[in-house]
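# Residue-level structure breakdown
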Amino acid sequence: MPFGIRENIEPYSGRNVIEAENVVKVFKKNEPTHNPLKDFLFPSYKPFTALNGVSLKIKRGEVFGLLGPNGSGKTTFIKILTGLLQPTQGKVLIHGKPAEQNLRRIGVMFGFNMIYYRLTGYANLKYSAKLYKVKNYKQRINELARMLGLENWLYSYVENYSLGMKSKLALARALIHDPEILFLDEPTLGLDPKISLSLREDIREMDKTIIITTHNMEEANELCDRIGIIKNGSLIRVGTPAYLKKLVSENIIVNIGLAFFGNELINTLSTQPYVHNVSLSQTGVRIYLESKDYLPKLLSILGSYNTTSINEEEPTLVDVFIRLTQGEVPPARNPESDDEDTGTQMQEPI
Amino acid sequence: MQLIDESLAIAEKEVGLSVRYILPFFTNSLISPLIKVMPFLLVYGGFFSANPSAALAGHVKPETFIPFLFLGITADIFFSIGYSTFSSKFMVEKWWQTMEIIILAPINKLSLITGIGLGDLISTFPTLVLFLGLAYYFTPLGFLDLIKVLIIFLLLFMISLSIGLITSCAALFNENLAPFFGYLRVIISFVSAFYYPIEVLKTDKLGALGQFLPVIATFNPLYQANFIIRAIWFEGITPINSVIYVLFFAIISPIAAVYVFNKLWSTIGIQGY
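Rules of the game
Residues numbered from 1 in each chain as written. Chains lettered and ligands numbered in written order. Predicted model: local features only at pLDDT ≥ 70, side-chain atom pairs only at ≥ 80, totals over all residues. Helix = DSSP H or I, 4+ residues; strand = E, 2+ residues; numbered from the N terminus. Rg over C-alpha atoms; globule rule 2.2 N^0.38 Å. Buried ≥ 20, exposed ≤ 12 C-beta atoms within 10 Å, placed from the backbone. Contact = placed C-beta atoms within 7 Å. UniProt positions renumbered as here; feature names shortened; annotations may be inferred. Pairing = 2+ DSSP bridges. Right-handed = clockwise from strand over helix to strand, strands pointing away. Nonpolar A, V, L, I, M, F, W, Y, C, P; charged D, E, K, R; others polar. Axes fitted to C-alpha atoms, helices over the stretch in contact; angles between N-to-C directions. Parallel < 35°, antiparallel > 145°, perpendicular 65-115°, else oblique. Left-handed = near helix turned anticlockwise from the far one by under 90°. Core = buried A, V, L, I, M, F, W, Y, C linked by C-beta atoms within 7 Å. Expected span 1.5 Å × (residues − 1).

This brings us to the overall build of chain B. If you tally the helices and strands in chain B, you get eleven helices and zero strands. The secondary structure elements of chain B, listed N-terminal to C-terminal, are α-α-α-α-α-α-α-α-α-α-α. Taking 19 Å as the expected radius of gyration for a compact globule of 273 residues, we find that chain B reaches 19 Å, a close match to that expectation. On the principal axes, the C-alpha backbone points of chain B span a range of 60 × 40 × 35 Å. Per-residue burial for chain B yields a buried fraction of 37% across its 273 residues. Long-range contacts, defined here as pairs at least 24 residues apart, represent 83% of the contacts in chain B between residues at least 6 apart.

Shown next as structure tokens:
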């Protein structure tokens, strides 16, 4: 590492850089009764299980995506992996040791948090560089600014930055000490497509182990070697994007262009047992079918409508996500060994 | 060396944040302390105007009450800043969501005390110059004695920072406790006798309290620091026993504070995170 820290890090030769074993996190959730006096004198707490025995191994050089509905436990899991939170049960090891002993190896980005708006971009990066004992930090800051397109804004106050620039600055801050492992929590949240694309390109070019949480399926599909889908604190499936799509491969999506149609068509289609989902598209309707075998039945319903076009498409990761999180595809008994097809060659361990 | 680097980095960040808006920086450094000391100046001034030959206990006489109060306000400022800096900064950083930077950085948590302390010291420099300068104007003293006084102020500051780190746990781990630590500050301030000589409490009119409070103050390292400063400034003597006592606390308290902080951090975590 050219801008590495002054102290030497012990080399690690294991294949799995992150190992989480049966991680449980239970919070005490304050449930107010809306009686202020009672809430003050006798506050009521109920246990809330945010993570329910999550086990996961992430390999060196892998880009691992963590997907899940809001409140599913993604951010809680990331916080435990980085050492920000302690698990109620279970253990997390990075390079065979607890996270607190690996702070130099990890870089963390939580959206556009962890930056001081009252300081300049340069001051923010300099601060982190000094905390991580980065040699030649000026050179490193300039390099990151060039890489992420922040050169013209480096000496401006962050409060004047756009959302995209704040995200890039937060990413630069996470990268300042050239960490081996990067945790990115919703890195493109709230960003416009152009900035998102630019950030994804930057991430793709990094030769690091990356754990990324996102709601953006296109981003997950594009970036991730493997994806874990988490729901209600449990990891329900883990696999490559191709493998996860195979879980719903018997399904097809049919886009039907219609000259005109009304609500009665939507209602009729929605009630068919072989139709998983009906949504409107620009030209007509988008129908998620159980399988190709039901296409003739579908077409018979549409017979009385003026059909302008019919085309099929493969299920996307969005469809996988919806079906998995709605329970239409059962979760794996052991998600970690569910991954039959890793899809890509992992970097060989050092 | 590592501790120094980390402390300097934190101090630089703190000063950067402090001077971002320059007017509040100066009003907090200069005007707020003046407002705080004004009532005491008026009360003592009024008393000695009416009784020119009177003398209160300790070093409070017509010719010394002004520097007495300026030394007191300087000590109080160091105590107040040290006591409340961590809770206010941590609370703000919790809201700004920048607390994670410190948590995730590979630093010795002791550098939090030294770094934030150094940053506050730099920010408090105008105050120090003003009030010590005024005290010096009324009762000049030798250069060596001035250095000794500055060192004692630093030790007092270090002890206050250490207490502040523990009480800042309230800001981070359970905000419900914050008001109680606020009241604790008032109690500590009272038994540190920044603005009055402790001898005024040794009176039968206060009953048992009059016996009890001075004893508490005697064991309070902050009061001992005040005692040393006044002894050097007004009498030219350095009470060695008190210096050793204060030095002991100035060394032990940061270590103990960091230990307690780390322990609470790892067992309780940050409320709301």
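Residues and elements named next belong to chain B. Residues given the UniProt feature "transmembrane region" (unreviewed entry) here are residues 21-45, 65-86, 107-138, 150-173, 180-198 and 243-261. With 96% helix and 0% strand, residues 21-45 has its two end C-alpha atoms placed 36 Å apart. Annotation note: span residues 65-86, helix share 100%, strand share 0%, distance between end C-alpha atoms 32 Å.

What follows concerns the environment of Phe48 of chain A. Residue and element names in this part refer to chain A. Residue position: Phe48 is located in strand β2 (residues 45-59). Taking the number of C-beta atoms within 10 Å as the measure of exposure, Phe48 has 13 and is therefore partly exposed. Separated by 102 residues in the primary sequence, Phe48 and Leu150 place their C-alpha atoms 42 Å from one another. With residues near it in sequence (within four places) discarded, Phe48 still touches Val26, Phe27 and Lys29.

Residue and element names in this part refer to chain A. Among the five residues that make up strand β6 (residues 181-185), five are buried, leaving the element largely enclosed by the rest of the structure. Both faces of β6 are covered, namely the face carrying Ile181, Phe183 and Asp185 and the face carrying Leu182 and Leu184. Bridge count between strand β5 (residues 106-110) and β6: five bridges; the pairing is parallel. The residue of β6 that forms the bridge with Val108 is Phe183. Handedness of the β6-helix α6 (residues 193-204)-strand β7 (residues 209-213) crossover: right-handed.

What follows is about the interface of chain A and chain B. One frequently used descriptor of interface size is the decrease in accessible area upon assembly of the parts. With 20 residues of chain A at the contact, the number on the chain B side is 19 residues. Looking at the side of chain A that touches chain B, the elements that each hand over two or more residues are β5 and α3 (121-131) of chain A. The greatest single-element share of the side of chain A that touches chain B, amounting to five residues, is contributed by α3 of chain A. In the side of chain A that touches chain B, the residues fall into twelve nonpolar, four polar and four charged.

A few words now on the environment of Thr238 of chain B. Residues and elements named next belong to chain B. Topologically, Thr238 is positioned in the loop between α10 (221-235) and α11 (240-268). What makes Thr238 partly exposed here is the crowd of 15 C-beta atoms within 10 Å. Those residues in contact with Thr238 that sit more than four places away from it in its chain are Lys148, Ala231, Ile232 and Val243.

Our next topic: the packing of α3 of chain A against helix α5 (residues 163-175) of chain A. Residue and element names in this part refer to chain A. The geometry of α3 relative to α5 is characterised by a closest axis approach of 9 Å and an angle of 20° between their N-to-C directions. The orientation of α3 relative to α5 falls into the category roughly parallel. The crossing of α3 and α5 is right-handed. When α3 is examined against α5, the residues Gly121, Asn124, Leu125 and Ser128 are found in contact with a partner set consisting of Leu169, Ala172 and Arg173. Its residues assigned to classes, the contact of α3 with α5 comprises three nonpolar, three polar and one charged.

This next bit is on the nonpolar core. In summary, soluble globular proteins display a tendency toward joint burial of nonpolar side chains. Counting 140 residues, the largest nonpolar core has Leu81 of chain A together with Leu156 of chain B as its most contacted members. Not counting the four nearest positions on each side in its chain, Leu81 of chain A is found in contact with Ile18, Ala20, Val92, Ala99, Phe183 and Ile211 of chain A. Counting five residues, the second-largest nonpolar core is a separate cluster that includes Val254, Ile256, Leu289 and Leu302 of chain A.

This next bit is on the environment of Arg204 of chain A. Residue and element names in this part refer to chain A. Along the chain, Arg204 falls in helix α6. For Arg204, a count of 11 C-beta atoms within 10 Å puts it in the exposed group. Linking Arg204 and Val63, residues 141 residues apart in sequence, is a C-alpha distance of 8.9 Å.

If you check helix α5 (residues 110-123) of chain B, its first and last C-alpha atoms are 20 Å apart, about what 14 residues at 1.5 Å a residue would give, namely 20 Å. With eleven of its 14 residues buried, α5 of chain B lies for the most part within the structure.

Here we take up unusual backbone geometry. Peptide bonds are trans in most cases, and residues, glycine excluded, mostly fall at negative phi. Residues and elements named next belong to chain A. The phi dihedral of Asn22 falls on the positive side, at around 50°, and the residue is not glycine. Relative to the elements of secondary structure, Asn22 occurs in strand β1 (residues 16-30). Accessibility expressed as a C-beta count within 10 Å gives 13 for Asn22, which makes it partly exposed. Of note in this structure, Asn136 is not a glycine but carries a positive phi near 50°.

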